[in-house]
Amino acid sequence: MATKIIIDTDPGQDDAVAILLALASPKEIEVLGITAVAGNVPLALTQKNARIICELAGRTDIPVFAGCDRPMIHPLVTAEHVHGKTGLDGIALPEPTMPLQDRHAVDFIIDTLRAEPSGTVTLCPLGPLTNIATAFAKAPEIIARVQQIILMGGAYFEVGNITPAAEFNIYVDPEAAKIVFQSGVPLVVMPLDVTHKVLTTRPRIDAIRAIGSPVAHAVVSWTDFFERFDMAKYGAEGAPLHDPCVIAYLLAPDLFSGRHINVEIETGSPLTRGMTVADWWGVTTRPKNATFMGDVDAAGFYELLTARLAQI
Ligand code: RIB
Ligand code: CA
């Protein structure tokens, strides 16, 4: 029985690879819809990019919705310095022809959770949590109906990437993140602590390139562009492929290891706004609300990713 998911996303090259991984795994994953949110680039681009990715995968049947165009409180912060002006720099793909759905993404999330049997839909946010939190605020009764949330965001031992204290997705909308982390929904968190261990090294990218398909060509074109910023910043032999960790967990959870702990979100301090304060060592009595991942079998992750990308 495939897991029914909604992918909430701000494409972003790594979001694109995550979406392709999900679409390449129809036996395990049924994508009910893709909801775009402002993040890496503005909403007008993230909703367009989501459709470009679906068309690249030959999946124009997947409904794509536009969601929130700015965080709940703060002005939008984007990341063109990492992802380029389009958000999918690295390869020029055709303008999308598949339509954007008329319904707002938040209403799609609410309607879907009301319509599907309770506890059967997993939410997979890959960007700022604005759409998810807005849906929870607008229709609180859907919170108990969510099967689980598997999200990319946060950092603890790896510290921040957009500020010294915070990871981008959480930093952009910390109030939204606080709503999600306090919601009581079962949470699996893929922080930088894990995503920084799945680096786009040459052998790994060459294995994807060797697939030789248009999808594989797009993926390596994206990673060739996307990795230059992080490789220069960290001096590593590749860049972290953040968002596909969320989908890989659905397909092969044993690739990952972590702890069920308390994680709180800083929203009050300008200096540490968006910090995920993870009680990794259990020094508080705060309620355990998240499975916070700390390690990953990187070779296994890339074997899985490469094998699935070869199938679309
Ligand atoms: O910090 C990494 C996260 O921010 C990833 O989801 C990337 O796509 C950006 O959204
Ligand atoms: Ca993202």
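Structure report, in brief.

What counts as what
Residues numbered from 1 in each chain as written. Chains lettered and ligands numbered in written order. Predicted model: local features only at pLDDT ≥ 70, side-chain atom pairs only at ≥ 80, totals over all residues. Heavy atoms only, no water. Helix = DSSP H or I, 4+ residues; strand = E, 2+ residues; numbered from the N terminus. Buried < 20%, exposed > 50% of the residue type's maximum accessible area, 1.4 Å probe, protein only. Contact = heavy atoms within 4.5 Å. Areas by Shrake-Rupley, 256 points an atom, 1.4 Å probe, with all protein chains shown as cover. Lys, Arg positive; Asp, Glu negative; His and termini not counted. Charge placed at Lys NZ, Arg CZ, Asp CG, Glu CD. Patch = residues over 30% accessible without salt bridge, like charges linked within 9 Å, V, L, I, M, F, W, Y side chains within 5 Å. Salt bridge = Lys/Arg side-chain N within 4 Å of Asp/Glu carboxyl O. Core = buried A, V, L, I, M, F, W, Y, C linked by side-chain atoms within 4.5 Å. Pairing = 2+ DSSP bridges. Axes fitted to C-alpha atoms, helices over the stretch in contact; angles between N-to-C directions. Near = heavy atom within 4 Å. Polar contact = N/O pair within 3.5 Å; in protein donor to acceptor, adjacent residues only side chain to side chain. 1 Å grid on protein atoms, 1.4 Å probe; cavity = no way out; pocket = protein on both sides within 12 Å on 5 of 7 lines; lining within 4 Å. Sits in = over half its atoms within 2 Å of the grid points. Parallel < 35°, antiparallel > 145°, perpendicular 65-115°, else oblique. Nonpolar A, V, L, I, M, F, W, Y, C, P; charged D, E, K, R; others polar.

### Describing the overall build of the protein
Part 1 of the argument: Each helix and strand in the protein was counted, giving 12 helices and 10 strands.
Part 2 of the argument: With the C-alpha coordinates aligned to their principal axes, the bounding extent of the protein is approximately 50 × 45 × 40 Å.
Part 3 of the argument: In the protein, which comprises 312 residues, the share counted as buried stands at 59%.
Part 4 of the argument: Of the contacts formed within the protein by residues at least 6 apart in sequence, a portion of 83% connects residues at least 24 apart.
Part 5 of the argument: Accessible area for the protein stands at about 11,700 Å²; split by element, carbon and sulfur atoms hold 56% of it.
Part 6 of the argument: With 23 positive and 35 negative side-chain charges, the protein shows a separation of 2 Å between the mean positions of the two kinds.

### Notes on the side chain of Arg308
Part 1 of the argument: On the secondary structure map, Arg308 appears in helix α12 (residues 298–309).
Part 2 of the argument: Its relative accessible area of 14% is what places Arg308 among the buried residues.
Part 3 of the argument: Contact partners of Arg308, with chain neighbours within four places excluded, come to Leu21, Ala24, Ser25, Glu28 and Leu251.

### Considering a nonpolar patch on the surface
Part 1 of the argument: A cluster of nonpolar side chains, contributed by Met72, Ile73 and Ile179, occupies part of the molecular surface with about 240 Å² of accessible area.
Part 2 of the argument: On the secondary structure map, Ile73 appears in the loop between β3 (64–66) and α3 (80–83).
Part 3 of the argument: Relative accessible area serves as the criterion here: at 55%, Ile73 is assigned to the exposed category.

### Remarks on the nonpolar core
Part 1 of the argument: Ranked by internal contacts, the top residues of the largest apolar core, which has 61 residues, are Ile247, Phe256 and Phe301.
Part 2 of the argument: If we skip the residues at most four places from it in the chain, Phe301 touches Val198, Leu241, Pro244, Cys245, Ala248, Leu255, Phe256 and Val296.
Part 3 of the argument: Among the nonpolar cores identified, the runner-up in size contains 38 residues, and Val121, Leu151, Ala176 and Phe181 belong to it.

### Considering the sheet that holds strand β1 (residues 3–9)
Part 1 of the argument: Sheet architecture is open: eight strands sit in the order β3-β2-β1-β4-β5-β6-β10-β7, paired in mixed fashion. Edge positions in the sheet fall to β3 and β7 (256–261), since each has one partner strand and no second. Neighbour to neighbour, the strand axes of the sheet diverge by 25° on average, direction disregarded.
Part 2 of the argument: Of the pairings in the sheet, the one linking β7 to strand β10 (residues 290–296) comprises six bridges and is antiparallel in character. Residue pairing in the sheet places Ile261 in a bridge with Ala290 of β10.

### Some thoughts on the site of ligand 1
Part 1 of the argument: For ligand 1, the full set of nearby residues is Asp10, Asp14, Asp15, Asn40, Leu126, Met152, Asn161, Glu167, Phe168, Asn169, His242 and Asp243.
Part 2 of the argument: Between an oxygen atom of ligand 1 and a side-chain N or O atom of Asp15, the distance comes to 2.9 Å.
Part 3 of the argument: Separating an oxygen atom of ligand 1 from a side-chain N or O atom of Glu167 is a distance of 2.6 Å.
Part 4 of the argument: Computed on the free molecule, ligand 1 has an accessible area of 280 Å², of which 97% lies beneath the protein chains in the complex.
Part 5 of the argument: Put simply, ligand 1 lies in the largest cavity.
Part 6 of the argument: Residue assignment for the shell around ligand 1 shows that the elements contributing at least two residues are α1 (13–23) and α6 (168–172).

### A word on the packing of helix α9 (residues 202–209) against helix α10 (residues 214–234)
Part 1 of the argument: At a minimum axis separation of 8 Å, α9 and α10 run at an interaxial angle of 155°. In terms of orientation, α9 and α10 fall into the roughly antiparallel class. For the pair formed by α9 and α10, the contact residues are Arg202, Ile205, Ile208 and Arg209 on the first element and Ala216, Val219, Val220, Thr223, Asp224 and Glu227 on the second.
Part 2 of the argument: Split into classes, the residues belonging to the contact of α9 with α10 amount to five nonpolar, one polar and four charged.

### Examining helix α5 (residues 130–138)
Part 1 of the argument: Within α5, burial applies to Thr130, Asn131, Ile132, Ala133, Ala135 and Phe136.
Part 2 of the argument: Contact partners of the buried residues in α5: β1, β2 (29–36), α4 (105–115), β4 (121–125), β5 (146–152) and α7 (174–181).

### Here we look at the pairing of β4
Part 1 of the argument: Counting buried positions along β4 yields five of five residues, so the element is predominantly enclosed.
Part 2 of the argument: Bridge count for β1 against β4 is five bridges, and the pairing is parallel. The residue of β4 that forms the bridge with Lys4 is Val121.
Part 3 of the argument: Alignment of β4 against β5, held across three bridges, turns out to be parallel. Residue pairing across strands places Leu123 opposite Ile149, the latter belonging to β5.

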